[in-house]
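Structural description and commentary
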Amino acid sequence: MSTFHPRRRRGLAVVGAFAAATLVLGACTNGSSGNDDTSSAISKSNTDNDKSGDKVVIGFSAPAADHGWMGSITKSAIAQAKQYDDVDLKVAEGTNDVNLQISQVETFINDKVDAIVLLPFDGAAMTSVARKAMDAGIVVINVDREFDSPFAARSTVLGDNYGMGVSAGTFVCDDAKGAKDKTVAEIAGIDSLPLTQDRSRGFADALKKCGLKVNNRVAAEFTVESGEKAASNLLQAAPKIDYLWNHDDDQGVGVLAAIKNANRDEFVMIGGAGSADVMESIKAGDSVLKATVVYPSTQAADGVKLARLLVQGKSMSDLAEIEVPRQLKLAAPIVTKDNVDTYLPSAFKS
Amino acid sequence: MSAPSVQDPSMQVPTPTRGDRGGSLGLARNLGLVIALVVLCAVGVITAGDRFASTDNVLTILRLAAVIGVISIGMTFVITGGGIDLSVGAIVALSSVWATTTGTQAMANDIGWIVMVFSAVLVGTACGAINGVLIAYGKVVPFIATLAMLASARGLAEIIADRKTQIIRNQGFSDFFGSEPFGIPVIVIMFAVVAAAGWFLLNRTTFGRRTFAVGGNPEAARLAGIKVQRHTVYLYALLGTTCGIAAVMLMSRTTTGSSTHGTLYELDAIAAVVIGGTLLSGGRGTVVGTLFGVLIFTTLTNVFTLNNLSTSAQAVAKGVIIVIAVLLQQRIADRKT
């Protein structure tokens, strides 16, 4: 026995060294590709506003990146800040604990930053501390989830949830070409959230215009597992579907898995939010996915840009208005094979 | 009734005596933690200078520490008594939601904002008492009983709130908790009061000595005449009360009640208690150590935020600190015994 030991030990060492090398290499390649994720979509304005001005210190805080879209929010904001040599972006740890997020904003206030770009975990819960920041003379830009007081932010950047539903519904109507006998299904996100209700309302309103309605509707929870569960139930319940709108491309990974398991391909599926994977597969045209609607993950990057303009006293050069607007609602365009190349660079990796 | 001197020879844990815990607030025993906190503060001062050492920043750290700190002090009692509670975050959520429903708020507008405080603390205590009864009289393992409470309390909170965030409209509540007597925020004062009360209760009262006895060896404690089951219920109810207080603090900080409040607070609280030197197996516990544990974590978070450091690095640092602090504690404890 003992004679085998050295050899075995040497074998182990070789395996160990190999494993370590793989780990290191893996970490490196991950790191470098991660940096490229968003840089292609993020750019300067190409106007006089790009001229370097006074130094702007911006504090940034967002919820934990437990979702591809949310991860991209922070990455895009950082990439945007790097474009400007007069912007110093302080990024606080992503957190779903409002207590911690409040203390991050308090730290920014103590630090006397010039502006704060804030995507709150819960808009209502972050309102009072945001107001405290505004009272301290800090420009607060509210992103995606609205505060419940107009005094808590100088400007707000929002996605268009109702518009997502309208875009998806309009695509279905156009594709159905007036046929009234089509079966439409919908897989929603977390049902109690106002944003989900807005999306569904927009979808139903758009369908109504061409005489269609949602025949089957289930709700998931924005996660891959919940998407899989909801979709398999839906596919059981509806033996034949013509159109399926899924609110969210991250949960869509699970939805697609369920569709594959059920061997179904008789329908056209429309995604939501606009992940890179989904856009790639729209481009390739090799699955039921034929379209998706965009919910921009570059909202916080726009927040950074607006914060810089506001602090430097610049205006949005393409508007006649001198002041930066109080609210920006970003469009929710439909992405199909025809225009996918336009949107692919700004898509997020799920 | 005096504390029974339970000493099972097979037990590794020495039953602490009064002198051991009193006097110097156990500073010597918490040496590892003191060193860790001092090192952290030194790093803060070196890297962030006046931004770290300012009064405003210290208050920011304390406000952040207050919520989790109050829960951790309650948790110290339960763990010292040989139990564990995974439901604290969910209880915080339920308390905050219950205290901010339109019904409660209407009552608060009629009678006074104290109604909201009262209902939060009451709901917390009730949940804790249910945990305690299930564990002590129902013989359900603490891990499972409180896991059930974790699921059902947060579920109930979601039902009551309809998964919406409830905004506190009562001006009196916001005014009181927003005030800063002597420049110190109210919730920091509450934290200090709870900490002092917790220290006194654990180290200077019969209740505290019974807690050590029950945690160290429940059978011996029973033979010594302690009503172990009743005491266990008290311990969990006490933790529930601190959860209610934490809910009030969170309500004042966010001006909302929400079913998402307090998510994963159980892990933060247990981590703070354990690196503080309280034995997970029960029988030994220290409120001062727990306070250090809480302060170490919140100071770490603060230093990272001030220095604009990456999110993931902080998680790694937290893990490393837990291990180092526990190793240091063990070394020092070994040397002393």
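Note that this is a predicted model, so its numbers are computed, not measured. (Residues numbered from 1 in each chain as written. Chains lettered and ligands numbered in written order. Predicted model: local features only at pLDDT ≥ 70, side-chain atom pairs only at ≥ 80, totals over all residues. Heavy atoms only, no water.)

Here the focus is the overall build of chain A. Secondary structure summary: chain A contains 11 helices and 12 strands in total. Sorting the 350 residues of chain A into buried and exposed places 53% on the buried side. Of all intrachain contacts in chain A linking residues separated by at least 6 positions in sequence, the fraction that spans at least 24 positions is 72%. Total accessible area computed for chain A in this model is approximately 15,800 Å², and 55% of it derives from carbon and sulfur atoms. (Helix = DSSP H or I, 4+ residues; strand = E, 2+ residues; numbered from the N terminus. Buried < 20%, exposed > 50% of the residue type's maximum accessible area, 1.4 Å probe, protein only. Contact = heavy atoms within 4.5 Å. Areas by Shrake-Rupley, 256 points an atom, 1.4 Å probe, with all protein chains shown as cover.)

Attention now moves to the state of the cysteines. Inspection of the entire model under this criterion finds 1 disulfide over all chains. Disulfide partner of Cys173(A): Cys210(A), at an S-S distance of 2.0 Å. Negative torsions about the S-S bond denote left-handed disulfides, and the value of about -70 degrees found for Cys173(A) with Cys210(A) makes this one left-handed. With Cys173(A) in helix H5 (residues 161-176) and Cys210(A) in the loop between helix H6 (194-208) and strand S7 (214-219), the pair connects residues that are 37 residues apart, well separated along the chain. Taken as a pair, Cys173(A) and Cys210(A) share a single burial class, namely buried. Free of any disulfide, Cys243(B) has its nearest neighbouring cysteine sulfur in Cys127(B), separated by 8.6 Å. Relative accessible area serves as the criterion here: at 0%, Cys243(B) is assigned to the buried category. (Disulfide = S-S within 2.5 Å.)

Every contact between the two is made by 27 residues of chain A and, on the other side, 29 residues of chain B. Of the roughly 2,400 Å² buried where chain A meets chain B, counting both sides, 47% is carbon and sulfur surface. It is Glu93(A), Asn99(A) and Asn110(A) that lose the most area in chain A upon contact with chain B, and together they represent 22% of the buried surface on that side. There are 3 salt bridges connecting chain A and chain B. (Buried area = accessible area lost by both parts, 1.4 Å probe. Salt bridge = Lys/Arg side-chain N within 4 Å of Asp/Glu carboxyl O.)

This next bit is on the sheet that holds S7(A). All names here are of chain A. With respect to topology, 6 strands assemble into an open sheet ordered S7-S6-S8-S9-S10-S12, the strand pairing being mixed. Only two strands of the sheet have a single partner each, and these edge strands are S7 and strand S12 (334-336). Pairs of neighbouring strands in the sheet enclose a mean axial angle of 20 degrees, with direction left out of account. With 5 bridges connecting them, strand S9 (residues 268-273) and strand S10 (residues 289-294) associate as parallel partners. Paired with Gly271 across the strands is Thr292, a residue of S10. (Pairing = 2+ DSSP bridges. Axes fitted to C-alpha atoms, helices over the stretch in contact; angles between N-to-C directions.)

Attention now moves to the domain arrangement of chain A. Residues and elements named next belong to chain A. Taken as a whole, chain A is organised into domain 1 (48-159 + 298-314) and domain 2 (161-294). Relative placement of domain 1 and domain 2: their C-alpha centres are 32 Å apart. Taken together, the contact pairs 4 residues of domain 1 with 4 residues of domain 2. A combined buried area of about 310 Å² lies between domain 1 and domain 2, and 41% of that area is made up of carbon and sulfur atoms. By the criterion of area lost to domain 2, the three top residues of domain 1 are His67, Trp69 and Gly159, representing 83% of everything that side buries. Applying the counting criterion to the domain 1 and domain 2 interface returns 0 salt bridges. Across the domain 1-domain 2 interface, the total number found is 3 residue pairs in polar contact (both at pLDDT 80 or more). When the residues that make up the side of domain 1 that touches domain 2 are grouped by side-chain class, the tally is 1 nonpolar, 3 polar and no charged. (Domains from an automatic or database assignment. Polar contact = N/O pair within 3.5 Å; in protein donor to acceptor, adjacent residues only side chain to side chain. Nonpolar A, V, L, I, M, F, W, Y, C, P; charged D, E, K, R; others polar.)

Right, let's get into the packing of helix H5 (residues 88-98) of chain B against helix H13 (residues 228-254) of chain B. Residue and element names in this part refer to chain B. Direction vectors running N to C along H5 and H13 enclose 55 degrees, while the axes themselves pass 8 Å from each other. The orientation of H5 relative to H13 falls into the category oblique. The handedness of the crossing between H5 and H13 is right-handed. Contacts between H5 and H13 involve Val88, Ile91, Val92, Ser95 and Ser96 from the former and Leu239, Cys243, Gly244, Ala246, Ala247, Leu250 and Met251 from the latter. Residues of the contact of H5 with H13, tallied by class, amount to 9 nonpolar, 3 polar and no charged. (Parallel < 35°, antiparallel > 145°, perpendicular 65-115°, else oblique. Left-handed = near helix turned anticlockwise from the far one by under 90°.)

Residues and elements named next belong to chain A. Tracing the backbone shows Gly202 in helix H6. Each C-alpha atom of the pair Gly202 and Ser167 lies 8.2 Å from the other, and the pair is 35 residues apart in sequence. In this structure, Gly202 is in contact with Tyr162, Gly165 and Val166, ignoring residues within four places of it in sequence.

Turning next to the side chain of Asp86(A). Locating Asp86(A) in the fold gives a position in the loop between helix H2 (68-83) and strand S2 (87-91). In contact with Asp86(A), other than residues within four places in its own chain, are Lys51(A), Ser52(A), Gly53(A), Asp54(A), Lys55(A), Val56(A), Arg308(A) and Gln312(A).

On to helix H14 (residues 265-275) of chain B, then. The element H14(B) is extensively covered by neighbouring structure, given that 8 of its 11 residues are classed as buried. At the exit of H14(B) stands Gly277(B), carrying a positive phi of roughly 105 degrees.

This brings us to the nonpolar core. One finds Ile71(B), Met75(B), Phe173(B), Phe177(B), Met190(B) and Met249(B) to be the most contacted residues of the largest nonpolar core, which totals 63 residues. The contacts of Phe177(B), once residues within four sequence positions are left out, are Trp113(B), Val117(B), Val186(B), Ile187(B), Met190(B), Val248(B) and Ser252(B). Residues Tyr84(A), Val143(A), Leu207(A) and Val268(A) belong to the second largest nonpolar core, which totals 49 residues. (Core = buried A, V, L, I, M, F, W, Y, C linked by side-chain atoms within 4.5 Å.)

We now examine the packing of aromatic side chains. Under the defined criterion, the tally for this structure stands at 8 aromatic pairs over all chains. Aromatic side chains Trp113(B) and Phe176(B) sit 4.6 Å apart centroid to centroid with 25 degrees between the ring planes, which places their arrangement in the stacked category. Residue Trp113(B) is found in the loop between helix H6 (102-111) and helix H7 (114-136), and its partner Phe176(B) is found in helix H9 (residues 171-178); the two are separated by 63 residues along the sequence. With relative accessibility at 22%, the residue Trp113(B) sits in the partly exposed group. An aromatic cluster is present here, built from Trp113(B), Phe173(B), Phe176(B) and Phe177(B) joined pairwise through their rings. Lying over the aromatic face of Tyr295(A), Arg199(A) brings its terminal NZ or CZ to 5.0 Å of the ring centre. When the ring centre of Tyr84(A) is taken as origin, the NZ or CZ atom of Arg308(A), which lies over that ring, is 4.0 Å away. (Phe/Tyr/Trp six-rings, centres within 6.5 Å; stacked < 30°, edge-to-face > 60°. Lys NZ or Arg CZ within 6 Å of the ring centre and 35° of its normal.)

Take the side chain of Thr101(B) next. Residue and element names in this part refer to chain B. You can see Thr101 is positioned in the loop between H5 and H6. With a relative accessible area of 16%, Thr101 lands in the buried category. Other than its neighbours up to four places away in sequence, Thr101 contacts Ile160 and Gln166.

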